[in-house]
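Breakdown of the fold
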Amino acid sequence: MLFVCQCDKYRKGVIDGSACSSLCDKETLYLGKCLSAKPNNQVYTGSWGDLEGVIKCQMEEILRYDLGAEMEPRREAVLFDKPTKGTSVEKFKEMVFSHLKAKVGGQANLIDLVSLVLSVADGNKDGHISLPEAKSTWALLQLNEFLLMVILQDKEHTPKLMGFCGDLYVMEKVQYTSLYGIRVPWLMELWIPSGVRRGMDQWFTPSWPRKAKISIGLLEFVEDVFHGTFGNFLMCDMSASNFGYNDKHDLKMVDMRKIIPEVTFKDLIRDRHCETDEDCVYGQDCRTSCDQTKKRCTTEVIQPNLAKACQSLKDYLLRGAPSEIQEELEKQLYSCMALKGTADQMEMEHSLILNNLKTLLWKKISHTKDS
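Residues numbered from 1 in each chain as written. Predicted model: local features only at pLDDT ≥ 70, side-chain atom pairs only at ≥ 80, totals over all residues. Heavy atoms only, no water.

**Description of the state of the cysteines**
Each disulfide is one covalent bond, formed between the sulfur atoms of two cysteines. Going through the model one piece at a time under the given rule, you end up with six disulfides. Note on cysteine connectivity: cysteine 7 is disulfide-linked to cysteine 24, with sulfurs 2.1 Å apart. The chirality of the disulfide connecting cysteine 7 with cysteine 24 is left-handed, given an S-S dihedral of about -85 degrees. In this pair, cysteine 7 is assigned in helix α1 (residues 2-11) and cysteine 24 in helix α2 (residues 20-24), connecting sequence segments 17 residues apart. Pair check on accessibility: cysteine 7 and cysteine 24 agree, each one buried. Through a disulfide, cysteine 274 is tied to cysteine 290; the S-S separation comes to 2.1 Å. Taking the sign of the S-S torsion, about 90 degrees here, the bridge from cysteine 274 to cysteine 290 comes out right-handed. Here the residue cysteine 274 occupies a position in the loop between α10 (262-269) and β10 (281-282), and cysteine 290 occupies one in strand β12 (residues 290-291), the gap between them amounting to 16 residues. Like cysteine 290, cysteine 274 is buried. Counting its disulfide-bonded cysteines in sequence order, the chain shows a connectivity of 1-3, 2-4, 5-8, 6-9, 7-10, 11-12. Residue cysteine 5 stays outside any disulfide, its sulfur separated by 7.2 Å from that of cysteine 57, the closest cysteine. (Disulfide = S-S within 2.5 Å. Helix = DSSP H or I, 4+ residues; strand = E, 2+ residues; numbered from the N terminus. Buried < 20%, exposed > 50% of the residue type's maximum accessible area, 1.4 Å probe, protein only.)

**Regarding the confidence of the model for the chain**
Per-residue confidence for the chain averages 87 on the pLDDT scale, and 84% of its residues sit at or above 70. pLDDT under 50 marks residues 60-76. Its contacts with residues more than four places away, or in other chains, come to 30 contacts. (pLDDT = per-residue confidence, 0-100. Contact = heavy atoms within 4.5 Å.)

**A word on the packing of aromatic side chains**
All told, the structure shown has three aromatic pairs when counted by the stated rule. Both rings, one in tyrosine 176 and one in tyrosine 245, keep their centres 4.8 Å apart while their planes meet at 20 degrees; by these two values the pair is stacked. You can see tyrosine 176 sitting in the loop between β5 (168-172) and α7 (186-191) and its partner tyrosine 245 sitting in strand β7 (residues 243-245), a full 69 residues away along the chain. Classification of tyrosine 245 as buried rests on a relative accessible area of 9%. For the pair phenylalanine 265 and tyrosine 282, a centre-to-centre distance of 6.5 Å together with 75 degrees between the ring planes defines the contact as edge-to-face. Of this pair, phenylalanine 265 sits in helix α10 while tyrosine 282 is found in strand β10, placing the two residues 17 residues apart along the sequence. Each member of the pair phenylalanine 265 and tyrosine 282 is classed as buried. (Phe/Tyr/Trp six-rings, centres within 6.5 Å; stacked < 30°, edge-to-face > 60°.)

**Topic: the nonpolar core**
In this structure, Leu179, Trp208, Phe221, Met235, Leu306 and Leu329 are the most contacted members of the largest nonpolar core, which totals 75 residues. With nine residues, the single largest contributor to this core is helix α9 (residues 208-225). Setting aside its immediate chain neighbours within four residues, tryptophan 208 contacts Leu317, Arg319, Gly320, Ala321, Pro322, Ile325, Leu329, Leu361, Lys364 and Ile365. Core analysis: the next-biggest nonpolar cluster, separate from the first, contains 17 residues, Cys20, Ile55, Cys57 and Phe80 among them. (Core = buried A, V, L, I, M, F, W, Y, C linked by side-chain atoms within 4.5 Å.)

**Some thoughts on the sheet that holds strand β2 (residues 42-48)**
Read across the sheet, five strands follow the order β1-β2-β3-β5-β4 without closing on themselves; strand pairing throughout is antiparallel. Edge positions in the open sheet fall to β1 (29-34) and β4 (161-165), since each of these has one partner strand only. When the angles between neighbouring strand axes are averaged without regard to direction, this sheet yields 30 degrees. Bridge analysis of strand β3 (residues 51-57) against β5 gives five bridges, and the strand direction is antiparallel. Bridged to lysine 56 within β5 is tyrosine 169. (Pairing = 2+ DSSP bridges. Axes fitted to C-alpha atoms, helices over the stretch in contact; angles between N-to-C directions.)

**Observations regarding the pairing of β5**
Consecutive side chains along a regular strand alternate between the two faces of the sheet. Here β5 lies mainly inside the structure; four of its five residues are buried. As paired elements, β4 and β5 share four bridges and run antiparallel to each other. Looking at β5, one finds that phenylalanine 164 is bridged to tyrosine 169. Linking β4 back to β5 in an antiparallel pair, the connection comprises two residues, with glycine 166 at a positive phi of about 65 degrees.

**What to know about the packing of α9 against helix α13 (residues 347-365)**
Between α9 and α13, whose axes approach to 10 Å, the crossing angle comes to 155 degrees. Judged by the inter-axis angle, α9 sits roughly antiparallel to α13. Between α9 and α13 the crossing geometry is left-handed. Each of Trp208, Pro209, Ala212, Lys213, Ser215, Ile216, Leu219, Glu220, Val222 and Glu223 in α9 lies in contact with α13, whose residues at this interface are His350, Leu354, Asn355, Leu357, Lys358, Leu361, Trp362, Lys364 and Ile365. Its residues assigned to classes, the contact of α9 with α13 shows 11 nonpolar, three polar and five charged. (Parallel < 35°, antiparallel > 145°, perpendicular 65-115°, else oblique. Left-handed = near helix turned anticlockwise from the far one by under 90°. Nonpolar A, V, L, I, M, F, W, Y, C, P; charged D, E, K, R; others polar.)

Below, the structure written as structure tokens:
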């Protein structure tokens, strides 16, 4: 059903993209196992010729809001109605520029970012962007994950974007799709106490040197999204299932939907009505405080990305750590977890803690085959 919808629009000339011909004409892009239990979160394994990938379609809520109203996300069908017929390439560039400025802010290198987006939009690499290619690209630009894959396309820990067709996109398959843990049937899950579940998660992990290498990868990814060329991004869901790794134990992101530009986050949270700090949360892990005098959420996140990453890694790294670095490792992780406020307010401390932690781990594993 998913492919029928995309191919119908492709054949009518509404959409186009680098995966459309393989999907609809050559039939060399195959749908595999469904990875999502939610009908509006469509995720599948797939194969494209000799390559394995993950196929995703309309993965997230498009946020619509009106001034003076509560900002509530709701799903809407993608109509592929922009840009309209007769729109010039220059006008489309202006649309992309304005959209990206609203998403990542005016401080980012927007001209280079627009060029990156346009190079991806030219799906058949003929040097021109057709209206159907532009419609597909515009739909995809509404999605956090797609934008981040474009921005970080040359970074080691971001899965490669393999192709797209309409709002469907194909990304590199990650071999191991959780940082730690074991999957159990959901009926069993209901009966396992949370403390026992956390312990089970830590039993089923790679050897410690390999865990250290994976952890260095997560710290490097934190660097990738921290005040880069195209702005600062906030990691708003640090669940283990969002991080994976390959057979070389290099960290690879599995799900980046809840990594959002800081500018977007502030727009979403600003002036949201609140009674307590618990009302000022986006995703699982991006929290601000509630201004009790105004009953509105403030815009500054309480914890920077690095502190949240260290919180996720604490049990993972300390379990099985070599005795000679156990104490120092624990000390550095707790210093990292104690970071507060926005990272740009403490950039030197942020960099020092991150580099010290990476150095400690690398020194311990650099002489092993696992590095």
